[in-house]
Every structure is written in C-alpha cells, then in structure tokens.
Amino acid sequence: MSIFFLVLVFLFVDLSMAQLQQGGGPDEKEKTTALKDLLSRIDLDELMKKDEPPLEFPDTLEGFEYAFNENGQLRHIKTGEPFVFNYQEDLHRWNQKRYEALGEIITKHVYELLEEDCNLQKVYLPIDATENEPKSFIFMSKDAMTNPDKMLVLIHGSGVVRAGQWARRLIINEDLNSGTQIPYIKKAMEEGFAVIVLNPNENYIEVEKSKPLAQQQSPDSSDEPAEKRERKERILKDNKKRRDFYEKYRNPQKEKETMQLYIRENGSPEEHALYVWDNFISKAPAENVFFVAHSYGGLAFVELMIQREADVKSKVTAVALTDSVHNVWHQEANKTIREWMRENCCNWVSSSEPLDTSVESMLPDCPRVSAG
C-alpha cells in the first residue's frame, strides 16, 4: 500500500468526520468506522522504514569510505570514483541528508588543515566569553598581531560554508584547491603577509528543545457534563492522530527539534566582520591591510565601511571582491565611500569574457571585470 494512498484515505476520513459532524447518516458512519479500522491495522513505522533508510550517517570520511587523494580530490577509497549524490535512487531527502552529513565532516577536515597545514591559530569569540556562553571562532596566523607590514583578510560568502571555505560543492566535486581558501593563505604567508580568516556564518549554536509540558485541563472543564467532556477529548485525540500522521508523512523520521542560541556580537555576518575589525584588524600593527571577499562577504565589507569609514580608509589598501552581492544603494553607502571603492576595490564577476575584461555595471561603486 503506497503512502499516497494512505494520505487519500486520511483525507477521506477527515471529510467523513466533517459530514458526521454536520449530521451524516448511518451509512457514512459505517464507512468511516471501516476506514479507521483499516488504518489501525497498518504499521506506519514499518511502511516508512521501507520508503526511507534511517537518517544515520558516519561521522568520519573513512566511515563514508571517502578520502582526499594527493591532488586534493575527494575519491571513494575502494572504487576511486568521485562522490555520488544519488546513493539511494528516488530518495532525494535521504541523499540530501547524507550530503549534508558529509559536508559537516568536510568542514571539520578544513579546520584541521587550517591549523596543521597552514599553521593558523584558532581564536574564540567573543574574546571575553564565559565558559558556558555560545562561541564562534576565527583563524589567524601567529604574526597577525605583530606583523608591521601587511595583512590579508579573507571573508567567504553565505550558506553552509565556514572558515577556510569558498564553496563546499567545489570541495566535494572538484578539489580542495578550488573550494577552499588554503591556496590564498599559503601564497600570502609565502609573501610575508599576516592572515586572518573570518567565519561569518558561525552565528549561533543549536541545542535541543526541551519537551513541552503536558497539556493541562482547562480550569472549567470539570464543570462540563461527563458526556460532553468525553466527546471533546475523543475529538482532540482523533485530531492529534491525524496531525501526527500528516507530520510523519511529511517527515517520516522526525528529527530532533532544536533552538538557536546566537553568539554575542557575532549574530550575523555583518556583526561578525565588525567585531573582528574592532578587536583584531584595527588593533594589528600592519600598515597595509588587504581584503578578499566573496559573494555576501562583499556586502559584509561594505557594511563595515559604512560603520567604520574613517578607520577602514586609513588602514585598508585594496579589496578584491569575487561575485560580490553588495549594493551601495540598498546599503546606503555615501558618496565618499563610493568614491573610495572606485579607487581601491575591484569586483571579479562570473563572465565568459577573457580574464580581467571590463564588465558593465549599473552600480556607481567599484570596477567590475571578468573572472575568466
């Protein structure tokens, strides 16, 4: 029996119940009773298990039977093949959850590479956080607060990416060099730059919601006649069963309900960029600070300029934007900011034109050129 058929049956039961409440005859009541009896014999849990495997996935690359080869490409340990998204045919939700679970492992792997391969230090935020307070973190080179010459600051875009990543999809489907910031970091350090890697999407932690208290009887329910009270309770019980069925159909393996606890002064990419500026970049001795900001990272940089215009102008030498989604009109950047951006920023955008070919823009801020 298919799930679709079950949903139709429950819809029919709902309709029949509505007809009964409006005075339906004995025939309708008999049909509804028969349908409810049929549904009571169906083991919904077992049926759902056949439709979708458990949402339980490995927590290591080895558990997924994948590893990065010498070229930084993710390959299956046994077959040598690239990652396969459609591992279970016609089960998109399960495949997506599997992909997300792998993505979390990739994020941890990149963090390890930043510390072990790039020799960066993890610094927790807020800097004055208490032991039990939600925290975020950034990565910094050991000379970030001592290098008097130059500093490179990297800001990724929005979505699931975290510190050290440009695009999770590229890491999984292409290689580490394409999808991470590691080549930028290594090149910068070779050239004598201090480095700070921002983590603008790490804005909150998720904790499991506590179970709600059991519903209590209304204060005046004891004054109702017993028959009326029992009928109300029966209707509520039936309604709950139907709601539970619909929820189970929509989400067969109900996941834990969580709530978000936001990180103080780092609850958004814009807040995070401002916090790192105030507490680290502005206090660093480097005379020349350079930014590379991708996608939403460009918007976060423009917002930083709006909030700290004089400081940014005095310390930042140049900004490389890549497919930035900033908008100087919507963000209400003033004329002096737009003029500074025209002189000190460049936005490399997706284009089929040769590298560095000028691309027209409707915005009066920085030059736009082809990323090639």
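Our subject is the structure listed above.
Just so it is clear, the structure is predicted and the values come from calculations on it, not from any experiment.

Participant: I would appreciate a short explanation of the overall build of the chain in the present structure.
Facilitator: A tally of helices and strands in the chain yields 13 helices and twelve strands. Expressed as a percentage of the 372 residues in the chain, the buried residues total 40%. For the chain, the proportion of contacts with a sequence separation of at least 24, taken over those separated by at least 6, is 69%.

Participant: In this structure, what is going on with the sheet that holds strand S9 (residues 288-294)? I would like to understand it.
Facilitator: The strands that make up a sheet are held in pairs by hydrogen bonds between backbone atoms, and each pair lies either parallel or antiparallel. If you walk across this open sheet you meet the eight strands as S3-S4-S6-S5-S9-S10-S11-S12, and the pairing is mixed. What marks the edges here is a single partner per strand, and that holds for strand S3 (121-125) and strand S12 (368-370). Averaged over neighbouring strand pairs, the angle between their axes works out to 20° when direction is ignored. As paired elements, strand S11 (residues 345-349) and S12 share three bridges and run parallel to each other. Looking across to S12, one finds that Val-349 is bridged to Ser-370.

Participant: What am I meant to see in the packing of aromatic side chains here?
Facilitator: In this description, an aromatic ring pair is defined by two values, namely the gap between the centres and the angle between the planes. Tallied over the full model, the rule gives twelve aromatic pairs. Aromatic side chains Phe-85 and Tyr-99 sit 5.8 Å apart centroid to centroid with 65° between the ring planes, which places their arrangement in the edge-to-face category. A residue pair is termed long-range when its members are at least 10 positions apart, and Phe-85 in the loop between strand S2 (74-76) and helix H5 (92-116) and Tyr-99 in helix H5 qualify at 14 residues. The partly exposed category is assigned to Phe-85, whose relative accessible area is 24%. Taken together, the ring pairs connect Tyr-66, Phe-83, Phe-85 and Tyr-99 into an aromatic cluster. Sitting over the face of the ring of Phe-137, Lys-122 holds its NZ or CZ atom 4.4 Å from the ring centroid.

Participant: Would you mind showing me how to read the nonpolar core here?
Facilitator: Note on soluble globular proteins: their nonpolar side chains tend to be buried together. Counting 38 residues, the largest nonpolar core has Met-151, Ile-196, Ile-281, Phe-291, Phe-301 and Met-341 as the members making the most contacts within it. Sort the elements by how many residues they give to this core and helix H11 (residues 296-307) lands first, with five residues. Setting aside chain neighbours within four positions, we find Phe-291 in contact with Val-153, Ile-155, Trp-277, Ile-281, Phe-301, Leu-304, Val-316, Ala-318, Val-319 and Ala-320. By size, the runner-up hydrophobic cluster in this structure holds 33 residues, among which are Leu-113, Leu-120, Phe-139 and Leu-176.

Participant: I keep staring at the packing of H11 against helix H13 (residues 335-344) and nothing clicks. Help me out?
Facilitator: The relative placement of two packed helices is expressed as an angle between their axes plus a distance between the axes. Close contact between H11 and H13 brings their axes to 10 Å; oriented N to C, the two are set at 130°. With respect to each other, H11 and H13 are oriented oblique. Between H11 and H13 the crossing geometry is right-handed. For the pair formed by H11 and H13, the contact residues are Phe-301, Val-302, Met-305 and Ile-306 on the first element and Ile-337, Trp-340 and Met-341 on the second.

Participant: Please clarify how the side chain of His-272 should be interpreted in this entry.
Facilitator: Within the fold, His-272 resides in helix H10 (residues 269-279). Setting aside chain neighbours within four positions, we find His-272 in contact with Leu-125, Ser-136, Ile-138, Leu-198, Asn-199, Pro-200, Glu-265 and Asn-266.

Participant: I tried to follow the pattern of salt bridges on my own but got confused; where do I start?
Facilitator: In a structure, side chains of opposite charge can pair up when their charged atoms sit close to one another. As enumerated under the stated definition, the model contains ten salt bridges in all. Its salt-bridge partner being Glu-65, residue Lys-78 comes within 3.2 Å of it at the nearest N-O pair. With Lys-78 in the loop between S2 and H5 and Glu-65 in the loop between helix H4 (61-64) and strand S1 (66-68), this pair connects stretches of sequence that are 13 residues apart. A salt bridge links Arg-168 to Glu-104; its shortest N-O distance comes to 3.6 Å.

Conventions used here
- Residues numbered from 1 in each chain as written.
- Predicted model: local features only at pLDDT ≥ 70, side-chain atom pairs only at ≥ 80, totals over all residues.
- Heavy atoms only, no water.
- Helix = DSSP H or I, 4+ residues; strand = E, 2+ residues; numbered from the N terminus.
- Buried < 20%, exposed > 50% of the residue type's maximum accessible area, 1.4 Å probe, protein only.
- Contact = heavy atoms within 4.5 Å.
- Pairing = 2+ DSSP bridges.
- Axes fitted to C-alpha atoms, helices over the stretch in contact; angles between N-to-C directions.
- Phe/Tyr/Trp six-rings, centres within 6.5 Å; stacked < 30°, edge-to-face > 60°.
- Lys NZ or Arg CZ within 6 Å of the ring centre and 35° of its normal.
- Core = buried A, V, L, I, M, F, W, Y, C linked by side-chain atoms within 4.5 Å.
- Parallel < 35°, antiparallel > 145°, perpendicular 65-115°, else oblique.
- Left-handed = near helix turned anticlockwise from the far one by under 90°.
- Salt bridge = Lys/Arg side-chain N within 4 Å of Asp/Glu carboxyl O.

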